[in-house]
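Geometric and topological summary
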Amino acid sequence: ILLFLSSLQSIKQRKGMMELAAVAYPTALFCSFVWFTLGFNFFSFDHVRASKILIPRKQQDSPLIPTLTASVRFLGGMNAALSLMSVLLLGFWGADIPVFDDKLERATMLFILGVAHFTQFAFNVPVLVGGEKEWRVVSGPMLTIFALDATEAVLNIGAAAVILLG
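Below you will find a few notes about this structure. (Residues numbered from 1 in each chain as written. Predicted model: local features only at pLDDT ≥ 70, side-chain atom pairs only at ≥ 80, totals over all residues. Heavy atoms only, no water.)

**What to know about the overall build of the protein**
Threshold: Labels follow the DSSP assignment, with helices taken as runs of H or I lasting at least four residues and strands as runs of E lasting at least two, numbered in each case from the N terminus. The quantity called the radius of gyration is restricted to C-alpha atoms. Its globule counterpart is 2.2 Å times the number of residues to the power 0.38. Any residue under 20% of the maximum accessible area for its type is buried, any over 50% is exposed, and the rest in between are partly exposed; the area is computed with a 1.4 Å probe on protein chains only. Throughout, a contact is declared for two residues whenever any of their heavy atoms are within 4.5 Å.
A tally of helices and strands in the protein yields seven helices and zero strands. In the protein, the succession of helices and strands from N to C terminus is α-α-α-α-α-α-α. Taken over C-alpha atoms, the radius of gyration comes to 20 Å for the protein, far larger than the 15 Å a tight globule of 166 residues would show. Each of the 166 residues in the protein was classed as buried or not, and the buried ones make up 33%. Of the contacts formed within the protein by residues at least 6 apart in sequence, a portion of 77% connects residues at least 24 apart.

**Some points on the packing of aromatic side chains**
As a reminder, the rule being used: Classification of ring pairs uses Phe, Tyr and Trp, with its six-membered ring standing for Trp, and accepts pairs whose centres are within 6.5 Å; under 30 degrees between planes counts as stacked, over 60 as edge-to-face, and the remaining range as tilted. Should the NZ of a Lys or the CZ of an Arg lie within 6 Å of a ring centre and within 35 degrees of the ring normal, that charge is described as sitting over the ring.
The tally for this structure, following the rule as stated, stands at four aromatic pairs. Ring centres of phenylalanine 42 and phenylalanine 43 lie 5.1 Å apart, and the angle between their planes is 65 degrees; this geometry places the pair in the edge-to-face category. Accessibility assignment for this pair places phenylalanine 42 and phenylalanine 43 in one class, buried. In textbook terms, an aromatic cluster arises when at least three aromatic residues are bridged by ring pairs, as seen for Phe118, Phe121 and Phe146. The side chain of arginine 106 reaches across the aromatic face of tyrosine 25, ending 4.4 Å from its centre.

**Side note on the nonpolar core**
Here is the rule: Only buried Ala, Val, Leu, Ile, Met, Phe, Trp, Tyr and Cys residues count toward a nonpolar core, and they belong to the same one when joined by side-chain atoms within 4.5 Å.
Among the nonpolar cores identified, the biggest contains 18 residues, and Tyr25, Leu29, Leu110, Leu113 and Ile163 are the most heavily contacted of them. Mapped onto this core, the elements with two or more residues apiece are helix 1 (2–45), helix 4 (73–94), helix 5 (103–122) and helix 7 (140–165). If we skip the residues at most four places from it in the chain, tyrosine 25 touches Leu89, Trp93, Phe100, Arg106, Leu110 and Ile163. In this structure, Trp35, Phe42, Phe43 and Ile145 belong to the second largest nonpolar core, which totals nine residues.

**Observations regarding the pattern of salt bridges**
To keep it simple, the criterion reads: By definition, a salt bridge exists where a carboxyl oxygen of Asp or Glu is found within 4 Å of a side-chain nitrogen of Lys or Arg.
Taken as a whole, this structure holds two salt bridges when the rule is applied. Here aspartate 46 ties to arginine 49 by a salt bridge, and the two come within 3.0 Å at their closest N and O atoms. Look at arginine 49 and you get partly exposed, because its relative accessible area is 42%. For arginine 106, the salt bridge goes to aspartate 101, with nearest N and O atoms at 3.0 Å.

**Regarding the side chain of threonine 69**
Structurally, the position occupied by threonine 69 is in helix 3 (residues 65–71). What makes threonine 69 buried here is its relative accessible area of 11%.

Printed below as a string of structure tokens:
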């Protein structure tokens, strides 16, 4: 009887994990799409403001500022590509088009998105630990970027794990 009840519990847990896995994929893709789109807009179209948050006020009169300001748009382009990938995968999922339909393929895509978010978070950690000489991490727009990239990394990598376990 105990073995039977244990088997039923295992089946129930497995079903719950499968239901969670079914929701994890589109949720992670949607959140990545929104966040990368915001990054695209900020770094591409508000690049002057974006560069100002990266440069300490006392150094904003440097002759290199126009070059840095122009190069910040590169970050916008990277965010645009990741946003497009997220929305395309979400669209394929929503239209039931079998692109990256296997759970290992889906988990791989979410893991890659999670790593993209994680690197954007992780490269701010040395700046924070080093006394924020390069830019402010725990105030202003960078705090939002820092916190949300960490959250997105956990969401995407966690969703990949749920999909693999489901």
